[in-house]
There are 4 protein chains.
Amino acid sequence: MKILAEVCIIPIHGATSLRREIAMAHSILKETGCHVELHSYGTNIEGDFDVIMSAIKTIHQTLHANGTMRLHTSMKISSRIDKEQTLQDKVDAVNAVLKESK
Amino acid sequence: MKILAEVCIIPIHGATSLRREIAMAHSILKETGCHVELHSYGTNIEGDFDVIMSAIKTIHQTLHANGTMRLHTSMKISSRIDKEQTLQDKVDAVNAVLKESK
Amino acid sequence: MKILAEVCIIPIHGATSLRREIAMAHSILKETGCHVELHSYGTNIEGDFDVIMSAIKTIHQTLHANGTMRLHTSMKISSRIDKEQTLQDKVDAVNAVLKESK
Amino acid sequence: MKILAEVCIIPIHGATSLRREIAMAHSILKETGCHVELHSYGTNIEGDFDVIMSAIKTIHQTLHANGTMRLHTSMKISSRIDKEQTLQDKVDAVNAVLKESK
């Protein structure tokens, strides 16, 4: 099952700097071979449901193995059957409306 | 891997009433045998990562098979290695602090 | 503007126990006089948009004043104009479908 | 109070195409004068809490006035007092770690 998703992790480990863990999570998502986009509030990813969920599990296991005692992940997942849509298609669709309405 | 999670689905199918699809999703989560709690903004669930993710996949497939063209799911997932914690433990911990501070 | 909302805060302050801050946030929401429901993944609340957002701001300010260096809040907000709906109505509607389908 | 936020709206109005409403919401956020970034799962925004929340309210009111019967918005809000941080700083911090670890 093809999905579009957004993954945002919050490691709770006793420090306010989270960049190392977020980079680790982003790398694990990237290693899936899926198309990924890092933004200021997470990583967007487009690919197979099982592949992405397997990466999420690896993220939790890897971060715990590296000392993160507690990990909170928020995800958005979407699938549709009326048409194919990529992450880029979504942005393009909104930008097209924005351009028209100028 | 044991996790606590919250699952909130939003079917996008051409009607404003979503109760039938939300009930279907809740039933699928319940059929996992995991402990589930329905609330006004989703279903909280506690159990094995793979079991829960397999249920999420079934929710998307079942709702699409029943006419939902587009489905948006938001999830919160948490795991911790410092101690065991159930959904009820989380509420109890906060209620204990609230009681103390009265 | 009447809304239904869910508020989930994650204090990032150098400890894995978050109960004290979550209790503080829940109390601030409760002090609004709005109907609130604490669950394992946040507090659901029903009331006026401005009142709720003012409470969210107070939560951030109060927790920062009490030593939380960094605070992440996730919210769901919904409003509808086709009919009045309470938090309880949403749960009742889903439970009614679940009961029928037995 | 300065915050970083992510806003993702889901109009529930009887159609699967949401681009027009998402463009409308993005425009309202942009009109605040705050720095905004559109991505595939929402709009990231950086600015004053009150200004951003006022825009969220306007989004709900405007979309309802334009025929969206029901509207679900999910938001992430973060504030910190240990240092100043922009949306771009967050991405830069993660990219710096990713570069180092190559």
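All values derive from a computational prediction rather than experimental measurement.

Draft legend 1. Inspection of the sheet that holds strand β4 (residues 70-80) of chain C at higher detail. A sheet is described by the order of its strands in space; here eight strands give the open sequence β2(C)-β3(C)-β1(C)-β4(C)-β4(D)-β1(D)-β3(D)-β2(D), paired in antiparallel fashion. The sheet is open, and its two edges are formed by β2 (35-39) of chain C together with β2 (35-39) of chain D, each paired on a single side. Strand-to-strand twist across the sheet, computed as the mean angle between neighbouring axes with direction ignored, equals 20 degrees. Two elements, β4 of chain C and strand β4 (residues 70-80) of chain D, share eleven bridges in a ladder whose sense is antiparallel. Bridging from a neighbouring strand, T73 of chain C pairs with I77 of chain D of β4 of chain D. Across the sheet, helix α1 (residues 19-30) of chain C touches β1 (2-12), β2 and β3 (42-48) of chain C, and the angle it forms with β1 of chain C is around 155 degrees.

Draft legend 2. Inspection of the interface of chain B and chain A at higher detail. Taken together, the contact pairs 21 residues of chain B with 21 residues of chain A. Those elements that provide at least two residues to the side of chain B that touches chain A are α2 (49-65) and β4 (70-80) of chain B. Looking at the side of chain B that touches chain A residue by residue, the classes come out as eight nonpolar, eight polar and five charged.

Draft legend 3. Representation of the interface of chain C and chain B in the model. Contacts between the two partners involve 27 residues from chain C and, on the opposite side, 26 residues from chain B. Every element with two or more residues in the side of chain C that touches chain B is listed here: β1, α1, β2, β4 and α3 (87-100) of chain C. If you tally residues by element for the side of chain C that touches chain B, the top one is α3 of chain C, at seven residues.

Draft legend 4. Expanded view of the sheet that holds strand β2 (residues 35-39) of chain A. One open sheet accounts for eight strands, arranged β2(A)-β3(A)-β1(A)-β4(A)-β4(B)-β1(B)-β3(B)-β2(B); its pairing is antiparallel. The sheet is open, and its two borders are formed by β2 of chain A together with β2 (35-39) of chain B, each paired with just one other strand. Neighbour to neighbour, the strand axes of the sheet diverge by 20 degrees on average, direction disregarded. Where β2 of chain A and strand β3 (residues 42-48) of chain A come together, five bridges link them in antiparallel fashion. Counted as the bridge partner of H35 of chain A is E46 of chain A from β3 of chain A. Set on the sheet, helix α2 (residues 49-65) of chain A makes contact with β1 (2-12), β3 and β4 (70-80) of chain A together with β4 of chain B; between it and β3 of chain A the angle comes to about 140 degrees.

Draft legend 5. Geometry of the packing of helix α1 (residues 19-30) of chain A against helix α3 (residues 87-100) of chain D. With their axes 8 Å apart at the nearest point, α1 of chain A and α3 of chain D run at an angle of 70 degrees to one another. In terms of orientation, α1 of chain A lies roughly perpendicular with respect to α3 of chain D. α1 of chain A and α3 of chain D meet at a crossing whose hand is right-handed. From α1 of chain A, R19, R20, I22, A23, H26 and S27 of chain A reach across to α3 of chain D, where they touch A93, V94, V97 and L98 of chain D.

Conventions we followed
- Residues numbered from 1 in each chain as written.
- Chains lettered and ligands numbered in written order.
- Predicted model: local features only at pLDDT ≥ 70, side-chain atom pairs only at ≥ 80, totals over all residues.
- Pairing = 2+ DSSP bridges.
- Helix = DSSP H or I, 4+ residues; strand = E, 2+ residues; numbered from the N terminus.
- Axes fitted to C-alpha atoms, helices over the stretch in contact; angles between N-to-C directions.
- Contact = placed C-beta atoms within 7 Å.
- Nonpolar A, V, L, I, M, F, W, Y, C, P; charged D, E, K, R; others polar.
- Parallel < 35°, antiparallel > 145°, perpendicular 65-115°, else oblique.
- Left-handed = near helix turned anticlockwise from the far one by under 90°.

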